[in-house]
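Residues per chain are reported as follows:
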Amino acid sequence: MVFEKNVDIPLKDGGLCRGNVYRPKQQGRYPVIMTYGPYGKDYPYSEFHVQSYAEIPPEQKSEHSAWETPHPEYWTSQGYVVLRVDERGIGSSPGFLDTMSDQTSSDFAECIEWAAEQEWSSGKIGLLGISYFGGSQWRVAARRPKGLACIIPWEGMTDYYRDRVRHGGILSNQFIYFWWSRQVETMQYGNPQKASRSWGPKSLVGAPQGSLTKDELIANHRDQTVDNRAHRFLDEPYHSSRVYELKDIEVPLLSVANLGGIMLHLRGNVVGYEEAGTKNKWLYFISGRHDLPFYLPHYVKLQKSFLDAWLKGEDDAGWLEGPNVKVPAVSLLVRKGNPGFNSNEAEATFSSRPESSWPIERTVYKKFYLEPSTMALTDAPEAKESSLTLQALGKGESRTLSFKKVFEKETEIAGHVVANLVAGVEKRPDGTAPKDLDLFVTLRHFDAEGKEVFYTGTAGDPVPLCKGWLRASLRKVDETNPRHKHYFPHRNYIAADVSLLEPGTAYDLLVELWPTAVVVSPGGSMVFEVATGDTQGGGIFTHVCETDRNEETLGGVNKFYFGPGHENWVQLPIV
């Protein structure tokens, strides 16, 4: 392998990105597998995340490995050039750092077009990477840069606002802080300090041309922890500039969705598949920790098969014939049983089943109604007027309301979940009243022995089936939007849609839960959990910003109304 470090990539506005080029020893023109991101192209995976690196198969790691990116030695041995680029303002690339912005996507597109014109390039560029390196693929593909031939967004969100920073309008601040302060800010171009990381040793992060002062570093970036606290709505320039159209994506794509990614990427992979404009698109569901499956032999084989077809014309599976000819459009992971979590052996007990579409055509959407007297999920609405209450902001001794449905026969649930809750706010003892309420809902799976079935979350943590959120003041649904479906409510999240609550008033609150797939065995059950704050399974993706979720606006009692005219239900996609 030939390794060229810090290759200059000039940008049209006079800026500069730098990349590492890894290419086969034999001279020639090869297709290019490319990544562009914020974690420092030269920071060794072995130090970035010591434990994760140790678990990767030996053939997929070396001194050139980097977090969430393809392994250069392997892919060059397969006849590819690997190009790993530091985005503007990161690592060795100077300039103003503004992650996930319009400017970042524009720079990425220019880097793709540059790569297509190099003497070592066949002119065909493929994108492959996890998480940030997956999400960035959707955005740049919508720009249609010359040379881009296919993408594999592996666990990559599509919607900055809905998937990442404001779940149902509620700020998901904890992960943003963790991500920005530990993984991005420390990698800023010119940072002279050593970054202390909880998962590995300290690492010197600097720029070849020297260091920047603290004031210079601050002046040369936009801080996501600050920006997302300040900007609440999608029609603000900060957010609207990050919006793009998935229908503009024309290149072939393989969207790989992890069913355990219930707090960040899962929704985006599914929606990306559904709405991308290309006719050549596939959706594969997987499980496991977000860093490991990408490097496992059977998934590397899948990646290579897809890339070989679209970048080399070497098609061993039938990709070039389009979906549902030889390669089914959807590979559904059938999660059955209770094998445990955070284990490759546990994940291996799940099987995959081909499907021709998503949502699955034979899906029957069934509503289960919340019955307050028995705390069960039933087939008919509650006939008797009654109510239940919870303390707002996830406070109080009893922090959840849980409604259970036992299934007498094996039942498969696969698709989009939605719920309707009728709720409102009550006056406080001092006569004041909250103006808003936040809903946090969770769908949990229990086996026939009554043990909860946990699945592997993003960081290896135990997670339930799926979650959903809603800030009540942003409850307005836009049924005129073509994205809106009865199982997938669409909200615009704009400032004009804000409608604050009046005390003593019942409001219908339609909550989108993220997609899921599971088989419930006979005697197993589903529990629909309602809360006003984060519950088990949120991991590092919690919503605990004291300014976004403050006592004045939200504090007090939230009341849930039942009976005639007040239908509370969760709608499950039964296959």
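What comes next concerns the included structure. Within each chain, residues carry numbers counting from 1 in the order of the written sequence. Given that the model is predicted, a residue must reach a pLDDT of at least 70 before its local features are reported, and side-chain atom pairs must reach 80 or more before they are shown or counted; all residues, however, enter totals for whole chains, interfaces and linings. The side-chain quantities take in all heavy atoms of the structure and omit both hydrogens and water.

A short note on the overall build of the protein
- Comment: elements are numbered from the N terminus, with helices defined as DSSP H or I runs of at least four residues and strands as E runs of at least two. When helices and strands are tallied, the protein shows 14 helices and 27 strands.
- Computation of the radius of gyration draws on C-alpha atoms, with the globule rule given as 2.2 Å multiplied by the number of residues to the power 0.38. Its C-alpha radius of gyration of 24 Å places the protein within 12% of the 25 Å reference for a compact globule of 575 residues.
- Contacts in the protein between residues at least 24 apart in sequence constitute 75% of all its contacts with a sequence separation of at least 6.
- Placing the 62 positive and 73 negative side-chain charges of the protein at their respective mean positions leaves the two points 1 Å apart. Every residue pair with non-hydrogen atoms within 4.5 Å of one another is taken to be in contact. Asp and Glu are treated as the negative residues and Lys and Arg as the positive ones, with His and the ends of the chain left uncounted. Charge positions come from single atoms, namely NZ of Lys, CZ of Arg, CG of Asp or CD of Glu.

Remarks on the pattern of salt bridges
- The term salt bridge refers to a side-chain nitrogen of Lys or Arg lying within 4 Å of a carboxyl oxygen of Asp or Glu. Applying the stated criterion across every chain, the model contains 32 salt bridges.
- Between R362 and E355 there is a salt bridge; the shortest N-O distance is 2.7 Å.
- Residue burial is assigned from relative accessible area. The probe radius is 1.4 Å, only protein chains are included, and a residue is buried under 20% of its type maximum, exposed over 50%, and partly exposed in between. R362 sits in the partly exposed class, given a relative accessible area of 46%.
- Sharing partners across several salt bridges, the network here consists of R166, D438, R471, D548 and R549.

A look at the environment of P489
- Note on placement: P489 falls in the loop between strand 23 (466-471) and strand 24 (507-520).
- Taking C-alpha positions, P489 is 43 Å from D42, a pair spaced 447 residues apart along the chain.
- Here P489 is in contact with V418, V477, H484, L510 and E512, once residues within four sequence places are set aside.

As for the environment of R143
- On the secondary structure map, R143 appears in the loop between helix 5 (132-141) and strand 6 (148-154).
- Each C-alpha atom, one on R143 and one on F528, is 41 Å from the other, the two residues being 385 residues apart in sequence.

Focus: the sheet that holds strand 12 (residues 281-286)
- DSSP-based pairing: two strands are paired if at least 2 bridges between them are found. Spatially, ten strands are ordered 1-2-4-3-5-6-11-12-13-14 in an open sheet, and the strand pairing comes out mixed. The open sheet has two free edges, formed respectively by strand 1 (2-10) and strand 14 (351-355), since each of these has just one partner strand. With strand direction ignored, the average angle separating the axes of adjacent strands in the sheet is 20°.
- Looking at chain direction, strand 3 (residues 30-37) and strand 5 (residues 121-130) are connected through four bridges and run parallel. Across the sheet, the residue bridging to Y30 is S121, located in strand 5.
- Sitting on the sheet, helix 11 (residues 266-275) is in contact with strand 6, strand 11 (253-258), strand 12 and strand 13 (330-334), with an inclination near 155° to strand 12. Axis definition: a line fitted to C-alpha atoms, limited for helices to the stretch in contact. Angles are taken between N-to-C directions and run from 0 to 180 degrees.

Regarding the packing of aromatic side chains
- Pairing of aromatic rings covers Phe, Tyr and Trp, the last through its six-membered ring, and needs centres within 6.5 Å; plane angles under 30 degrees mean stacked, over 60 mean edge-to-face, and all others mean tilted. Tallied over the full model, the rule gives 32 aromatic pairs.
- Judged by centre distance (4.9 Å) and plane angle (85°), the ring pair of F294 and Y295 falls under edge-to-face.
- Taking the relative accessible area as the measure of exposure, F294 reaches 2% and is therefore buried.
- Judged by its relative accessible area of 2%, Y295 is buried.

Thoughts on the pairing of strand 5
- For strand 5, a buried count of seven out of ten residues is recorded, marking the element as mostly surrounded by other parts of the structure.
- Between the parallel elements strand 5 and strand 6, the chain passes through helix 5 in a crossover that is right-handed. Whether a crossover is right-handed comes down to one check: with the strands pointing away from the viewer, does the path from the first strand over the helix to the second run clockwise; if it does, it is right-handed.

Comments concerning unusual backbone geometry
- Cis geometry is adopted by the peptide bond preceding P359, which originates at W358 and carries an omega value of -5°.
- You will see that E68, though not glycine, has its phi angle at about 65°, which is positive.
- Within the secondary structure, E68 sits in the loop between helix 2 (50-55) and helix 3 (72-77).
- The exposure class of E68 is buried, given its relative accessible area of 2%.
- Phi at E155 is positive, roughly 55°, even though this residue is not glycine.
- If you trace the backbone, E155 turns up in the loop between strand 6 and helix 6 (160-165).
- On the basis of relative accessibility, which here comes to 2%, the residue E155 falls in the buried class.

Focus on the side chain of Q188
- Checked against the element boundaries, Q188 lands in the loop between helix 7 (173-184) and strand 9 (194-197).
- Since its relative accessible area comes to 2%, Q188 is described here as buried.

Structural notes on the packing of helix 4 (residues 102-116) against helix 5
- Contact pair helix 4 / helix 5: the axes reach a minimum separation of 10 Å and the direction vectors enclose 85°. Classified by the angle between their axes, helix 4 and helix 5 sit roughly perpendicular to one another. Judged by residue contacts, T104, S105, F108, A109 and I112 of helix 4 engage Y132, S136, R139 and V140 from helix 5.
- All residues other than Ala, Val, Leu, Ile, Met, Phe, Trp, Tyr, Cys, Pro, Asp, Glu, Lys and Arg, Gly among them, are scored as polar; the first ten of these are nonpolar and the last four charged. Classifying every residue of the contact of helix 4 with helix 5 by side-chain character gives five nonpolar, three polar and one charged. Angle categories: roughly parallel below 35 degrees, roughly antiparallel above 145, roughly perpendicular from 65 to 115, and oblique for all the rest.

Things to note about the environment of F403
- Structurally, the position occupied by F403 is in strand 18 (residues 400-406).
- F403 sits 373 residues away from Y30 along the chain, and the two C-alpha atoms are 57 Å apart.
- Excluding anything up to four places from it in sequence, F403 contacts L370, E371, P372, M375, A376, L377, L388, M526, V527, F528, V530 and F562.

A closer look at the nonpolar core
- Counting 119 residues, the largest nonpolar core has F285, F528 and V530 as its most contacted members.
- The contact partners of F285, leaving out residues within four places of it in the chain, are A257, L259, L266, V270, V330, S331, L332, L333 and W358.
- Counting residues in hydrophobic clusters, the runner-up holds 37 residues, among them I9, Y30, I125 and V251. The set of buried Ala, Val, Leu, Ile, Met, Phe, Trp, Tyr and Cys residues whose side-chain atoms join them within 4.5 Å is what this entry labels a nonpolar core.

Examining the pairing of strand 25 (residues 525-531)
- With seven of seven residues buried, strand 25 lies mostly within the body of the structure.
- Along strand 25, one buried face is formed by S525, V527, E529 and A531 and the opposite face, lined by M526, F528 and V530, is buried too.
- The pairing of strand 18 with strand 25 spans seven bridges and is antiparallel. Paired with V406 across the bridge in strand 25 is S525.
- Sheet analysis places strand 20 (residues 438-446) next to strand 25, joined by seven bridges and oriented antiparallel. Bridge assignment links F446 to a residue of strand 25, and that residue is S525.

Points about the state of the cysteines
- In this description, a disulfide is simply a cysteine sulfur pair whose atoms lie within 2.5 Å. Enumeration according to the criterion identifies zero disulfides in this entry.
- With no disulfide of its own, C111 lies 4.2 Å from the sulfur of C17, the closest cysteine sulfur.

Digging into helix 4
- To estimate how far a helix should extend, the number of its residues minus one is multiplied by 1.5 Å. Taking 1.5 Å of rise per residue, 15 residues should cover 21 Å, and helix 4 covers 22 Å from first to last C-alpha, within 8% of that figure.
- With eleven of 15 residues buried, helix 4 lies mostly within the body of the structure.
- Taken as a whole, helix 4 has its buried residues at T104, S105, D107, F108, A109, E110, C111, I112, W114, A115 and A116.

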